[in-house]
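Structural overview
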Amino acid sequence: MTETASPTATFRSARDLLLRYRDDYDAARREFAWPGLDEFNWALDWFDVIAAEHPDRIGLRILAEDEDTSLSYAELAARSGQVANWLRGLGVRRGDRMLLMLGNVAPLWEVILAAMKLGAVMIPASTLLQPADLADRLVRGHVRHVVTDVEQTAKFDQLPGDWTRIAVGPGEPTGASWHAYSGSYDTDTAFTPDGVTRAGDPLLLYFTSGTTAQPKLVAHTNASYPVGHLSTMYWIGIEPGDVHLNLSSPGWAKHAWSNVYAPWNAGATILVLNYQRFSAAGLLSALGDAQVSTFCAPPTVWRMLIQSDLATANVSGLRECVAAGEPLNPEVIEQVRKSWGITVRDGFGQTETTAQVGNTPGQPVRPGSMGRPLPGYQVVLVDPVSGKPGRDGEICLDLSRRPLGLMTGYLDDPALDAEAMRGGYYHTGDVATSDPDGYITYVGRTDDVFKASDYRISPFELESVL
């Protein structure tokens with residue numbers, strides 16, 4: 001009888017293959033397959049295992065104006081077990097939905113791991129949300145528990161519901177109904193799960209921003225984001241022991257991409273800059289002071305950085321730089337390359353997916369292109385009119401080879417879900433062109449592309465003509 005590999009071994013094998021072929025795109029595309037997982041709890045089957053293997057490695061470091069907080073993998077494993085036990089005592093159960101609205105503070109990562117250990121379903125939320133937004137999320141998300149910063153509790157004062165209220169941070173909660181997070185330090189660090197976590201069990205619900213009347217509700221599983229972000233790890237080029245810096249706000253999917261799953265999949269250190277105001281000088285200083293290995297920032301930040309003196313930064317430890325969110329101007333890429341000798345690489349993905357397309361380490365970067373399909377993703381450009389695959393069209397994913405990093409669907413909206421999954425493809429709503437080598441260049445959204453006879457005109461082309 002053949003012995004079945006453990007979930008940890010199965011996941012590790014897939015991860016290690018991508019690490020082995022980090023500079024060999026063709027081999028990674030050819031050899032990689034999404035790990036087949038039935039039971040899988042990423043916090044227990046992966047994070048805690050890495051913590052036992054590398055207990056002293058720093059898992060999280062947060063730099064603030066007057067504070068430098070570091071937690072090792074072992075400390076995070078123990079602390080999240082403690083928080084999970086405490087949350088269980090407050091009534092959090094497997095499958096319960098928890099609204100998580102915290103800033104870049106250590107309890108955010110502790111609660112994320114604890115929720116996973118419990119089998120709870122997280123609904124990440126930005127601290128910028130207002131009471132009306134929160135009321136919608138509480139109702140449509142069927143929220144049973146809320147975890148938020150003390151200073152955010154007032155936003156919930158007039159919102160009805162019998163959900164558990166948990167306040168994080170210095171100072172007493174604003175009302176008797178709020179539980180102080182500090183109480184979690186009085187519980188045991190050893191956590192025992194109440195049962196099995198299935199890879200297909202729900203884990204994350206994201207309310208997307210967009211142009212629709214109300215945000216769509218994107219559902220992800222215990223596999224689609226934790227395991228799916230192997231593609232993101234590969235695109236960024238994170239390796240074990242690296243220090244990874246990503247600039248992103250909690251509540252958005254990109255925060256989970258680069259501030260949780262991709263770096264911890266690799267066994268790296270997550271570095272967070274939790275400053276009240278963005279400072280290009282402070283960021284450039286941190287690159288050297290913290291010996292950052294891999295760095296991800298949105299194009300807005302890259303454009304601000306090149307207004308500073310890039311040459312002042314100590315980038316002796318820096319190996320990879322990436323950008324995501326929108327196409328990065330080739331001029332910006334060139335300025336960084338001249339100053340640092342590193343080429344900033346673009347990538348593409350959505351809240352609904354992990355990284356789908358990217359310029360990967362060690363491969364030529366085509367100016368203006370966001371790269372090629374990442375390992376595990378079968379990307380097809382489908383003509384929005386004819387529905388046929390071609391060299392240009394809507395970026396779609398072939399559902400006959402469904403990538404693990406794709407959402408399960410849009411929750412509670414079967415019509416929207418059917419529209420997104422029609423014709424055997426997942427439709428991203430984004431339009432691109434490709435060249436003979438498979439490099440994909442972003443054009444715009446499908447609803448932003450005009451038709452003139454048989455010629456497709458993108459908003460960018462239209463602007464250049466006008």
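To start, this report covers the structure provided alongside it. Since we're looking at a predicted model, the values are computed, not measured.

This brings us to the packing of helix H1 (residues 7–20) against helix H3 (residues 42–53). In the contact formed by H1 and H3, the axes pass within 10 Å of each other and the chain directions differ by 75°. It follows from the interaxial angle that H1 and H3 lie roughly perpendicular. For the pair H1 and H3, the contacting residues are Pro 7, Thr 8, Phe 11, Arg 12 and Arg 15 in the first and Trp 42, Asp 45, Trp 46, Val 49, Ile 50 and Glu 53 in the second. Each residue belonging to the contact of H1 with H3 can be placed in one class, and the counts come to 6 nonpolar, 1 polar and 4 charged.

Let us now look at the pairing of strand S11 (residues 269–273). For S11, a buried count of 5 out of 5 residues is recorded, marking the element as mostly surrounded by other parts of the structure. Every second residue of S11 is oriented toward a common face, with Thr 269, Leu 271 and Leu 273 on one face and Ile 270 and Val 272 on the other, all of them buried. The sheet contact formed by strand S1 (residues 58–64) and S11 spans 4 bridges and is parallel. Note on S11: the bridge partner recorded for Arg 61 is Leu 271. In the sheet, strand S10 (residues 243–246) pairs with S11 via 3 bridges, with the strands oriented parallel. Its bridge partner being in S11, Val 243 is matched across the sheet by Thr 269. Of the crossover connections in this fold, the one passing from S10 over helix H8 (residues 253–266) to the parallel S11 is right-handed.

This structure, assessed with the given rule, holds 2 cavities of 30 Å³ or more. Quantified by volume, the largest cavity comes out at close to 140 Å³. Contributing to the lining of the largest cavity are 15 residues, with Ile 112, Pro 124, Tyr 206, His 255 and Ala 256 lying nearest its centre. Those elements that provide at least two residues to the lining of the largest cavity are helix H5 (106–118), strand S4 (121–124), strand S8 (202–207) and H8.

We now examine the sheet that holds strand S21 (residues 440–445). If you walk across this open sheet you meet the 4 strands as S17-S18-S20-S21, and the pairing is antiparallel. Each end of this open sheet is capped by a strand with a single partner; those strands are strand S17 (379–382) and S21. Here the strands of the sheet are splayed against their neighbours by 45° on average, with no regard to which way each runs. Pairing geometry for S17 and strand S18 (residues 392–398), over 4 bridges, is antiparallel. From the neighbouring strand, Val 380 faces S18, where its bridge partner is Cys 396.

Attention now moves to the packing of aromatic side chains. A complete count under the given rule lists 16 aromatic pairs for this structure. Measuring from ring centre to ring centre gives 5.0 Å for Trp 42 and Tyr 261, while their planes differ by 70°; the resulting arrangement is edge-to-face. With Trp 42 in helix H3 and Tyr 261 in helix H8, this pair connects stretches of sequence that are 219 residues apart. Among the residues examined, Trp 42 registers a relative accessible area of 0% and is labelled buried. Pairing Phe 156 with Trp 178 gives two aromatic rings, centres 6.0 Å apart and planes at 70°, and the pair type is edge-to-face. Here the residue Phe 156 occupies a position in the loop between strand S5 (145–149) and strand S6 (164–168), and Trp 178 occupies one in strand S7 (residues 178–180), the gap between them amounting to 22 residues. Classification of Trp 178 by relative accessible area gives buried; the value is 7%. The ring centre of Tyr 185 lies 3.6 Å from the NZ or CZ of Arg 79, which sits over that ring. Between the NZ or CZ atom of Arg 165 and the centre of the ring of Trp 163, over which it lies, the distance is 3.6 Å.

Reading the values: the criteria
Residues numbered from 1 in each chain as written. Predicted model: local features only at pLDDT ≥ 70, side-chain atom pairs only at ≥ 80, totals over all residues. Heavy atoms only, no water. Axes fitted to C-alpha atoms, helices over the stretch in contact; angles between N-to-C directions. Helix = DSSP H or I, 4+ residues; strand = E, 2+ residues; numbered from the N terminus. Parallel < 35°, antiparallel > 145°, perpendicular 65-115°, else oblique. Contact = heavy atoms within 4.5 Å. Nonpolar A, V, L, I, M, F, W, Y, C, P; charged D, E, K, R; others polar. Buried < 20%, exposed > 50% of the residue type's maximum accessible area, 1.4 Å probe, protein only. Pairing = 2+ DSSP bridges. Right-handed = clockwise from strand over helix to strand, strands pointing away. 1 Å grid on protein atoms, 1.4 Å probe; cavity = no way out; pocket = protein on both sides within 12 Å on 5 of 7 lines; lining within 4 Å. Points joined across faces, edges and corners; volume = space filled by probe spheres on them. Phe/Tyr/Trp six-rings, centres within 6.5 Å; stacked < 30°, edge-to-face > 60°. Lys NZ or Arg CZ within 6 Å of the ring centre and 35° of its normal.

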